[in-house]
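Here is how the chains run, residue by residue.
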Amino acid sequence: MNNFKLKYETTPFYATLVFFAVLIIFYAVSGTFSLLNDRPQSVHMWAMCDRGSVARNYAQDDMNFFKPRVHLTREGEGITGLEFPFMNYLAALFYKLFGFNEFWYRFLMLLVYTAGLFACFKISGFFIKNVYLRTFGVLAIAASPVMTYYSASFIPDTASFGFAMMAWYCFFTHLKSGSNRSLWGLWLTITLAVLIKLTSAIYVIIMLCLLLWSLLRKEFRLSDKALKYPVLFLLLGSALLLSYAWYEYAAYLSETYRSNVFLMKSMRPESIGAVKNVLRHVNEIWVPFYFSKPVYILLGLVLLFVIWNLRKLDQKLGLILAGSFLGVFSFVYLMLIQFGNHDYYIITLTPLLFFLLLTAFEVYEKKFLTRKRQLLVVSVLLALTVQMTWFDRKHQQFRSNENCWLYDWSRFKDYLAAENYVVSLGLSRVEKTISIFDDSPNITLYLLNLKGWSIFHQWDDEPIREALKHYPKYLVISDSLQLRRPVFTEKPPKKIGQFNSIGFYELR
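Residues numbered from 1 in each chain as written. Predicted model: local features only at pLDDT ≥ 70, side-chain atom pairs only at ≥ 80, totals over all residues. Heavy atoms only, no water.

Asker: Mind showing me how you'd approach the overall build of the chain here?
Answerer: If you tally the helices and strands in the chain, you get 21 helices and 5 strands. In terms of overall size, the chain behaves like a compact globule, its C-alpha atoms giving a radius of gyration of 25 Å where 508 residues would be expected to give roughly 23 Å. C-alpha extents for the chain along the principal axes are approximately 80 × 50 × 50 Å. Taking all 508 residues of the chain together, 57% fall into the buried category. A fraction of 76% describes how many contacts in the chain between residues 6 or more apart in sequence connect residues 24 or more apart. (Helix = DSSP H or I, 4+ residues; strand = E, 2+ residues; numbered from the N terminus. Rg over C-alpha atoms; globule rule 2.2 N^0.38 Å. Buried < 20%, exposed > 50% of the residue type's maximum accessible area, 1.4 Å probe, protein only. Contact = heavy atoms within 4.5 Å.)

Here it is in structure tokens:
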């Protein structure tokens, strides 16, 4: 194993051009660009509308960063705790400047995600020279249908991934050059990564372990240009402290305002049976969608190659890889129940796969890659890239199809286009509304841009009766049979409009 000296310093300009040319082509073919103009829809539109609701409420009501709100207000204000709403707030600023258009939210998410992918490419440049290996190592992660689907989405995980990889690039850059810019870039990006998604604390801990290892093993000291250890420990430690403070504050908001929109706790399995159920569900539903079969085969071969060549590994990469495995396994245990219904939980864990590929490619380039083998390697990587991209494209088409069995989202089709009609009716979002449809907190209210109660159509009358005590003004339903509920028979609501399947009523 070698020391902490990084092998290479710069990325040639032509290599950057190749990377972005390939990435843009991939975005175009896989369907990433087509996501930019979509409203929240399809798989996990529930979570998308929740995050979109926070951004829109910032923009149209109150830009107080420390009081995030959603459309599900019930009798209150809708204030809620959630992960650090940096991207929500940034999107709200663009809504303020250019008017409400969810394009801006998606564009900002894609921008941060793309910066993270480019950071992966630049990180690879510290360890390997071959541009094709470096580009493929990034594309193998980006071509996961899950990564593509959420790359320009409202889910914060891709932003956390992007900032985490930018932090790794700044970390290595500072070890190499000792520049103040890279140091403060490291602090800012890793702090945002952990604040936005606590999972990224894995990488702070790994960085701290790398520094500690370097301190204890004197033959593996940092560059003389790098800042002193106490300062580095302090900056990285502050990222964890700030994140702890925010999540304590978020829990306080949720408890104070009686909001349970966002999950603010771990979801460990309580029995072996629960573990088996989740793993079976993940294997049947999500595993076929995480990656294509050739990528699984490649990752398996790469893992065996790394194990076989343990003594040849770059020490930094070996330590990062070991720490990533431990961190990922720990997180999976703590949140295992969530993996059953949430495909996007793997997003902040994919740096493990990136470092696995990078570790293997570094050994392969150093020990086995010859001029004669290069053409063969490039041909194989090109074939795999084409296969991954095509698989990804077909999967995105599957998710966007109204009949996608993953989520019966076509039932919201009328709601996706109803907001202008709501405006034409003169419904005020200051007045409270009861929306009876699905069991999500914000989907219908957010898409209509109305505030109040979201009530599942299969619930009994009690939640409606409780809501009526606070004198809501409007009722929105998609099934006229709801009007036969006993709670509405004494004072039947007055119909004021109809948009396709959606009926609008005034409560007397």
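Asker: I keep staring at the sheet that holds strand 2 (residues 451–456) and nothing clicks. Help me out?
Answerer: In a beta sheet, neighbouring strands pair by backbone hydrogen bonds and run either parallel or antiparallel. Sheet architecture is open: 5 strands sit in the order 2-1-3-5-4, paired in mixed fashion. Only two strands of the sheet have a single partner each, and these edge strands are strand 2 and strand 4 (494–499). This sheet shows a mean twist of 20° between the axes of neighbouring strands, independent of strand direction. Looking at chain direction, strand 4 and strand 5 (residues 502–506) are connected through 5 bridges and run antiparallel. (Pairing = 2+ DSSP bridges. Axes fitted to C-alpha atoms, helices over the stretch in contact; angles between N-to-C directions.)

Asker: In this structure, what is going on with the packing of helix 4 (residues 102–124) against helix 7 (residues 157–177)? I would like to understand it.
Answerer: Two packed helices can be described by the angle between their axes and the distance between those axes. Interhelical geometry of helix 4 versus helix 7 gives an angle of 35° and a closest axis separation of 7 Å. In the packing of helix 4 onto helix 7, the handedness of the crossing is left-handed. In contact with Met 109, Val 112, Tyr 113, Ala 115, Gly 116, Leu 117, Ala 119, Cys 120, Lys 122 and Ile 123 of helix 4, helix 7 contributes Thr 158, Ala 159, Phe 161, Gly 162, Phe 163, Met 165, Met 166, Trp 168, Tyr 169 and Phe 172. Within the contact of helix 4 with helix 7, the residues separate by chemical class into 16 nonpolar, 3 polar and 1 charged. (Left-handed = near helix turned anticlockwise from the far one by under 90°. Nonpolar A, V, L, I, M, F, W, Y, C, P; charged D, E, K, R; others polar.)

Asker: Hey, could you run me through unusual backbone geometry in this one?
Answerer: Negative phi is the rule for most residues except glycine; trans is the rule for most peptide bonds. Of note, the phi angle at His 44 is positive, near 65°, even though the residue is not glycine. Inspection of the secondary structure puts His 44 in the loop between helix 1 (13–30) and helix 2 (45–60). A relative accessible area of 13% means that His 44 is categorised as buried.

Asker: Looking at this structure, I do not really get the pattern of salt bridges. What am I missing?
Answerer: One side chain can pair with another of opposite charge once the charged atoms of both are near each other. Under the definition given, this model contains 16 salt bridges. Of the charged contacts in the structure, one is a salt bridge between Glu 83 and Arg 51, with a shortest N-O distance of 2.9 Å. Residue Glu 83 is located in the loop between helix 2 and helix 3 (86–98), and its partner Arg 51 is located in helix 2; the two are separated by 32 residues in the primary sequence. Looking at Glu 83, the relative accessible area reads 7%, which means it is buried. (Salt bridge = Lys/Arg side-chain N within 4 Å of Asp/Glu carboxyl O.)

Asker: Explain the environment of Leu 336 here, please?
Answerer: Residue position: Leu 336 is located in helix 14 (residues 336–339). Remark: the alpha-carbon pair of Leu 336 and Thr 173, spanning 163 residues in sequence, is separated by 35 Å. The contacts of Leu 336, once residues within four sequence positions are left out, are Met 267, Pro 269, Val 275, Val 278 and Leu 279.

Asker: In this structure, what is going on with the pairing of strand 3 (residues 474–477)? I would like to understand it.
Answerer: Within a regular beta strand, the side chains point alternately toward one face of the sheet and then the other, so they alternate between its two faces. Residues Tyr 474 and Val 476 line one face of strand 3 and the alternating positions Leu 475 and Ile 477 line the opposite face, and both faces are buried. With 4 bridges connecting them, strand 1 (residues 432–437) and strand 3 associate as parallel partners. Following the sheet pairing, Ser 435 is matched in strand 3 by Val 476. Relative to strand 5, strand 3 is paired through 4 bridges, and the arrangement is antiparallel. The residue of strand 5 that forms the bridge with Leu 475 is Tyr 505.

Asker: Could you clarify how one ought to interpret the pairing of strand 5 in this entry?
Answerer: Of all 5 residues in strand 5, 4 are buried; the element is thus mostly enclosed. Connecting the antiparallel pair strand 4 and strand 5 is a turn made up of 2 residues, with Asn 500 showing a positive phi of about 55°.

Asker: Help me understand the packing of helix 13 (residues 315–334) against helix 15 (residues 351–367), please; the structure alone is not making it clear to me.
Answerer: Running from N to C, helix 13 and helix 15 point in directions that differ by 155°, and their axes come no closer than 9 Å. By the criterion of interaxial angle, the relationship of helix 13 to helix 15 is roughly antiparallel. Crossing of helix 13 over helix 15 shows left-handed handedness. Residues Leu 317, Ile 320, Leu 321, Ser 324, Phe 325 and Val 328 of helix 13 form the contact with helix 15, whose own contacting residues are Leu 352, Phe 355, Leu 356, Leu 358, Thr 359 and Glu 362. Considering only residue class, the contact of helix 13 with helix 15 consists of 9 nonpolar, 2 polar and 1 charged. (Parallel < 35°, antiparallel > 145°, perpendicular 65-115°, else oblique.)

Asker: Help me understand the packing of aromatic side chains, please; the structure alone is not making it clear to me.
Answerer: Centre-to-centre distance and the angle between the planes together describe a pair of aromatic rings. Summed over the entire model, instances satisfying the criterion amount to 54 aromatic pairs. Taking 5.5 Å as the distance between ring centres and 35° as the angle between the ring planes, the aromatic pair formed by Phe 94 and Trp 104 counts as tilted. With Phe 94 in helix 3 and Trp 104 in helix 4, the pair connects residues that are 10 residues apart, well separated along the chain. Overall, the relative accessible area of 21% leaves Phe 94 in the partly exposed class. (Phe/Tyr/Trp six-rings, centres within 6.5 Å; stacked < 30°, edge-to-face > 60°.)

Asker: Explain helix 15 to me, please; I cannot follow it from the model alone.
Answerer: Relative to the 24 Å expected for 17 residues at 1.5 Å per residue, helix 15 spans 24 Å between its end C-alpha atoms, a close match to the ideal helical length. With 14 of 17 residues buried, helix 15 lies mostly within the body of the structure. (Expected span 1.5 Å × (residues − 1).)

Asker: Which parts of the structure should I look at to understand helix 9 (residues 201–216)?
Answerer: Since one α-helical turn is 3.6 residues long, residues separated by three or four positions face the same way. End to end, helix 9 covers 23 Å across 16 residues, agreeing with the expected 22 Å (1.5 Å per residue, within 8%). Within helix 9 the residues assigned to the buried category are Ala 201, Ile 202, Tyr 203, Val 204, Ile 206, Met 207, Leu 208, Leu 210, Leu 211 and Ser 214.

Asker: What exactly am I supposed to notice about the environment of Val 306 here?
Answerer: Tracing the chain through its elements places Val 306 in helix 12 (residues 293–308). Each C-alpha atom of the pair Val 306 and Thr 359 lies 7.3 Å from the other, and the pair is 53 residues apart in sequence. Those residues in contact with Val 306, other than ones at most four positions away along the chain, are Leu 313, Leu 321, Leu 356, Thr 359 and Ala 360.

Asker: Can you walk me through the nonpolar core in this structure?
Answerer: As a rule of thumb, nonpolar side chains are buried together in soluble globular proteins. In terms of nonpolar packing, the biggest core is built from 157 residues, with Trp 168 and Phe 355 touching the most fellow members. In contact with Trp 168, other than residues within four places in its own chain, are Ile 123, Tyr 203, Ile 206, Met 207, Leu 210, Ile 320 and Phe 355. Among the nonpolar cores identified, the runner-up in size contains 12 residues, and Ile 436, Ile 455, Leu 475 and Phe 488 belong to it. (Core = buried A, V, L, I, M, F, W, Y, C linked by side-chain atoms within 4.5 Å.)

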